[in-house]
Number of protein chains: 2
Amino acid sequence: MQQTTGRGNQTYHHGDLRAALLDAAAQRIESEGVEALSLRKLADDVGVSRSALYHHFRDKNALLNAVAARGFEQWIAVSKARANSVDMTPADRLAQFVHGYIHWSASNPQLYDLMFGRPIWKTGQADEQLKEIAFPAFHFMLNKITQWQQEGILAQSMPALRQTQVIWATLHGLARLIIDGVYADSEHIDDMCNCAVAMLLKQN
Amino acid sequence: MQQTTGRGNQTYHHGDLRAALLDAAAQRIESEGVEALSLRKLADDVGVSRSALYHHFRDKNALLNAVAARGFEQWIAVSKARANSVDMTPADRLAQFVHGYIHWSASNPQLYDLMFGRPIWKTGQADEQLKEIAFPAFHFMLNKITQWQQEGILAQSMPALRQTQVIWATLHGLARLIIDGVYADSEHIDDMCNCAVAMLLKQN
DNA sequence: ATGTTAATCTTGACAGTGTCAAATTATAAG
DNA sequence: CTTATAATTTGACACTGTCAAGATTAACAT
């Protein structure tokens, strides 16, 4: 199930087709978008025939789920790394979190779209494995925001869960508007982030 | 181009196919979602053959643009009607605006998804006509928020444009999370709206 | 080493899809 | 009534995701 034979795959069955498909899919998605991903072209990229894929993924949606799952792993890693930069005031950490979130989404627009987009989450198309990987991402945000509440830089009058949902909605909405280009220019990313931070911070 | 002959169309060419297609498309979209819309099934619904559509819309995207345009007209009408309820404090009006926005999106999820979704706005697939109809919607929000700034219930330290973008991002993000069911339950809509309002309002 | 089992990959096929060109029909204009 | 113009249909093409059946190869037990 892992690497069956370590190296030297030439005219193999294929070696590790699953990983190759994931790589190629992620690459094609990031360059052309989710909606332009064709399983047949993907098979061509990898040099394998069209329905070979079905021995590693139940269907196209399962493949997308797997790519999204990898995206979440990457997202969490980046976010945690950012959160561990110590010598900062809480307010600066919040600001950095906001800017980091938006910049990551703007740098990986297609992947962000896949991870947080409708096709996967709507109609229960997210499989259990993806949910298990995605949940820590939300939990991470919930923790951060609870912490900022306790540190006194966010209002404390509301349940942390609700506040997390609203703050995340702000970030998510901002990311979507920028990515989709809906009356929000990507030149003003930092301006918008600063404005968002100012609005989130407890005013006193 | 309008109604060629007023009434009594039976075994006509079809009468007014364009309108019939729009109606059928809107209906099918709202019941099954944008991604499930098939031009051929749509033609069946209307009782016409597959490529009749192409004499009224350049392609599928043009049809979707037209449906979205109708959605914006409806959205603007509803929003303006809500905004004209007089006897209220400014803060209550803001609250009502937020609740109204979210409830409308939750009541017309598929249409909202089409209007503000990626497939139309990304990659410049929104045609000029749609942009002309959509722009007043954004202008309407910009006006409202500028007004609330002047009335002193929103912070005045930021440019109205930026603040509009961020507030709209909050609403848009909330709508998306609820519609797509991404870790936001639709049972708690009002709780989340109240939380959002509390965060937006200038705290003093 | 050999025969068996199980995994992997390919080929052929099917039902869909959006879209175009050419042919057909009905409406409007002269 | 004839002509011109718009609306609609039929046939076709290239493409999509997915499945069933057959072929190929790896892993395993003896």
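Reading the values: the criteria
- Residues numbered from 1 in each chain as written.
- Chains lettered and ligands numbered in written order.
- Predicted model: local features only at pLDDT ≥ 70, side-chain atom pairs only at ≥ 80, totals over all residues.
- Heavy atoms only, no water.
- Helix = DSSP H or I, 4+ residues; strand = E, 2+ residues; numbered from the N terminus.
- Expected span 1.5 Å × (residues − 1).
- Buried < 20%, exposed > 50% of the residue type's maximum accessible area, 1.4 Å probe, protein only.
- Domains from an automatic or database assignment.
- Contact = heavy atoms within 4.5 Å.
- Buried area = accessible area lost by both parts, 1.4 Å probe.
- Near = heavy atom within 4 Å.
- Polar contact = N/O pair within 3.5 Å; in protein donor to acceptor, adjacent residues only side chain to side chain.
- Least-squares fit on C-alpha atoms with pLDDT ≥ 70 in both.
- Axes fitted to C-alpha atoms, helices over the stretch in contact; angles between N-to-C directions.
- Parallel < 35°, antiparallel > 145°, perpendicular 65-115°, else oblique.
- Left-handed = near helix turned anticlockwise from the far one by under 90°.
- Nonpolar A, V, L, I, M, F, W, Y, C, P; charged D, E, K, R; others polar.
- Salt bridge = Lys/Arg side-chain N within 4 Å of Asp/Glu carboxyl O.
- Phe/Tyr/Trp six-rings, centres within 6.5 Å; stacked < 30°, edge-to-face > 60°.

1. Brief notes about helix α8 (residues 160-180) of chain B
Residues and elements named next belong to chain B. Across its 21 residues, α8 extends 29 Å between first and last C-alpha, which sits within 8% of the 30 Å expected from 1.5 Å per residue. Most of α8 sits inside the fold, with 20 of its 21 residues counted as buried. One or two steps after α8, the chain reaches Gly181, where phi turns positive at roughly 70°.

2. Points about the domain arrangement of chain A
All names here are of chain A. Per the domain assignment, the segments making up chain A are domain 1 (1-56) and domain 2 (67-200). Computed from C-alpha coordinates alone, the two centres of domain 1 and domain 2 are separated by 30 Å. With nine residues of domain 1 in contact, the opposing surface of domain 2 contributes nine residues. The junction of domain 1 with domain 2 conceals about 750 Å² of combined surface from both sides, 57% of it contributed by carbon and sulfur atoms.

3. Re the protein's contact with DNA strand C
The environment of DNA strand C is formed by 24 residues, the closest being Ser49, Arg50, His55 and His56 of chain A together with Arg40 of chain B. With respect to DNA strand C, the side chain of Ser51 of chain A contributes an N or O atom lying 2.9 Å from a base oxygen. Interatomic distance of 3.0 Å between a backbone N/O atom of Lys60 of chain B and a phosphate oxygen of DNA strand C. Per-element tally for the surface near DNA strand C: the top contributor is helix α2 (residues 39-46) of chain B, with three residues.

4. So, the relation of the copies chain A and chain B
Rotating chain A by 180° about the axis while translating it 0.0 Å along that axis superimposes it on chain B, leaving an RMSD of 0.0 Å. In the structure described here, the two chain copies are related by an operation that fits a two-fold rotation axis.

5. Considerations on the packing of helix α3 (residues 60-83) of chain B against helix α7 (residues 128-151) of chain B
When two helices pack together, you describe them by how their axes are tilted relative to each other and by the distance separating the axes. All names here are of chain B. At a closest axis distance of 9 Å, the pairing of α3 and α7 adopts a crossing angle of 25°. Between α3 and α7, the crossing angle belongs to the class labelled roughly parallel. Here α3 runs over α7; the crossing is left-handed. Here α3 contributes Asn65, Ala68, Ala69, Phe72, Glu73, Trp75, Ile76, Ser79, Lys80 and Ala83 to the contact with α7, which in turn contributes Leu130, Ile133, Ala134, Pro136, Ala137, Phe140, Met141 and Lys144. When its residues are assigned to classes, the contact of α3 with α7 shows 13 nonpolar, two polar and three charged.

6. Let's talk about the interface of chain A and chain B
At the interface, 43 residues of chain A touch 43 residues of chain B. Together, the buried faces of chain A and chain B total about 3,900 Å²; carbon and sulfur atoms form 65% of this surface. Area buried by chain A at its contact with chain B is led by Arg118, Tyr183 and Met199 of chain A, which between them contribute 21% of it. In this structure, the connection of chain A to chain B is made through eight salt bridges. With a shortest N-O distance of 3.8 Å, Glu35 of chain B and Arg118 of chain A are connected by a salt bridge. For the pair chain A and chain B, the interface holds eight residue pairs in polar contact (both at pLDDT 80 or more).

7. Here we look at the packing of aromatic side chains
Residues and elements named next belong to chain A. Within this structure, the stated rule accounts for 24 aromatic pairs over all chains. Both rings, one in Tyr101 and one in Tyr112, keep their centres 6.0 Å apart while their planes meet at 80°; by these two values the pair is edge-to-face. Separated by 11 residues along the polypeptide, Tyr101 in helix α4 (residues 90-107) and Tyr112 in helix α5 (residues 109-116) bring together distant segments of the chain. As far as the burial class goes, Tyr101 and Tyr112 line up, both buried.

8. As for the pattern of salt bridges
Following the criterion strictly, the structure yields 20 salt bridges over all chains and no others. Measuring nitrogen to oxygen at the nearest pair gives 3.7 Å for the salt bridge that ties Arg162 of chain B to Asp191 of chain A. In this pair, Arg162 of chain B is assigned in helix α8 and Asp191 of chain A in helix α9 (residues 189-200), connecting two distinct chains.

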